[in-house]
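Here is what each chain is made of, one letter per residue.
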Amino acid sequence: MDFQLKDVMEAVGPSAALAFAAWLFLQLLQQRYSASYARYRELVESFRSDSEGKRRQVLQEEIEIYRKRVVYMLYSTNIGIGAAILLLLALVISGLDAMVQVEWFKYVGGAAIVMGLFLVIPAAILMIIENQMIRRPIELELADLEEFQGSSKPVLSAQQGRKTLAPQ
């Protein structure tokens, strides 16, 4: 069990950047989940307290969409937590391997890195799906206001190459 601290630092150093990147990704997921959940709660409270007629219908549809968004981000965040744990486990095993050099550490550490990176993919895909779901609430937000009926619709701008809201 003869090792130098610099050997541990060299083993852990490059992997630490990967683990911190996973942690930042996890923070992004958590922020999106928290924002979706807060908006969902606001909509439900508004629906309970002071909605009538067309506004009530709009709120009901928005609540259904935001509930789905919250669930997608909950799953995405949980998967992201799993990815972060696996990447941190790989980091710890990398440091331990530099100290004690047990043969099976490389297999456990390698599997943890690959699985951790793999889990980032479904977490990101769920975030993309959740992101696409926001389009409908944007369209619904003005649906109950007669002043804005037919005043704008999503169009593809040839100059910008992206969707923008433009007058009809």
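Just so it is clear, the model here is predicted, and its values are computed rather than measured.

K.L.:
Is there a simple way to explain the overall build of the protein in this structure?
P.N.:
Broken down by element type, the protein carries four helices and two strands. Ordered by position from N to C terminus, the α and β elements of the protein give α-α-α-α-β-β. A total of 168 residues make up the protein; the buried ones form 29% of that total. In the protein, 71% of the contacts between residues at least 6 apart in sequence involve partners at least 24 apart. Carbon and sulfur atoms make up 62% of the accessible area of the protein, which amounts to about 11,100 Å² in all.

K.L.:
Before we go on, may I ask you to explain the side chain of Ser94 in this structure?
P.N.:
With respect to the helices and strands, Ser94 occurs in helix 2 (residues 53-100). With sequence-adjacent residues up to four places away left out, Ser94 is seen in contact with Ala11 and Val12.

K.L.:
Mind showing me how you'd approach helix 1 (residues 5-50) here?
P.N.:
One full turn of an α-helix is made of 3.6 residues, so residues set three or four places apart face in the same direction. A rise of 1.5 Å per residue sets the reference length of helix 1, with its 46 residues, at 68 Å; its end C-alpha atoms lie 64 Å apart and thus fit the reference within 8%. The largest bend along helix 1 measures about 35° and falls at Gly13, with the proline Pro14 one to four residues further on. Among the residues of helix 1, Val8, Ala16, Ala19, Ala22, Phe25, Leu26, Leu29, Tyr33, Ser36, Tyr40, Leu43 and Val44 are the ones counted as buried.

K.L.:
Help me out: how do you make sense of the pattern of salt bridges in this one?
P.N.:
Taken as a whole and assessed by the stated rule, the structure comprises six salt bridges. The partner of Glu61 in a salt bridge is Arg136, with the nearest N and O atoms 2.9 Å apart. Taken together, the residues Glu61 in helix 2 and Arg136 in helix 4 (residues 135-140) connect sequence positions 75 residues apart. We classify Arg136 as partly exposed; its relative accessible area is 35%. Between Glu130 and Arg69 there is a salt bridge, and its shortest N-O distance comes to 2.3 Å. One end of the pair, Glu130, is in helix 3 (residues 105-132); the other, Arg69, is in helix 2, and 61 residues separate them in sequence. Taken as a pair, Glu130 and Arg69 share a single burial class, namely buried. Linked by salt bridges that have partners in common, Arg32, Arg69 and Glu130 make up one network.

K.L.:
In this structure, what is going on with the packing of aromatic side chains? I would like to understand it.
P.N.:
What the rule picks out here adds up to three aromatic pairs. With a centroid separation of 6.2 Å and 20° between ring planes, the pair formed by Tyr33 and Tyr37 is classed as stacked. Highlighted residues: Tyr33 and Tyr37, both in helix 1, separated by four residues, approximately one helical turn. Of the residues examined, Tyr37 reaches a relative accessible area of 34% and is grouped as partly exposed. Where Tyr37 meets Tyr40, the ring centres are 6.4 Å apart and the plane angle is 40°; that geometry is what we call tilted. One end of the pair is Tyr37 and the other is Tyr40, both in helix 1 and three residues apart, which spans about a single turn. By relative accessible area, Tyr40 is classed as buried at 19%. Taken together through their ring pairs, the aromatic side chains of Tyr33, Tyr37 and Tyr40 make up a single cluster. Above the ring of Phe47, the side-chain terminus of Arg56 is found at 3.9 Å from the ring centroid.

So, how was this worked out
- Residues numbered from 1 in each chain as written.
- Predicted model: local features only at pLDDT ≥ 70, side-chain atom pairs only at ≥ 80, totals over all residues.
- Heavy atoms only, no water.
- Helix = DSSP H or I, 4+ residues; strand = E, 2+ residues; numbered from the N terminus.
- Buried < 20%, exposed > 50% of the residue type's maximum accessible area, 1.4 Å probe, protein only.
- Contact = heavy atoms within 4.5 Å.
- Areas by Shrake-Rupley, 256 points an atom, 1.4 Å probe, with all protein chains shown as cover.
- Expected span 1.5 Å × (residues − 1).
- Bend = angle between axes of the 7 residues up to and from the residue.
- Salt bridge = Lys/Arg side-chain N within 4 Å of Asp/Glu carboxyl O.
- Phe/Tyr/Trp six-rings, centres within 6.5 Å; stacked < 30°, edge-to-face > 60°.
- Lys NZ or Arg CZ within 6 Å of the ring centre and 35° of its normal.

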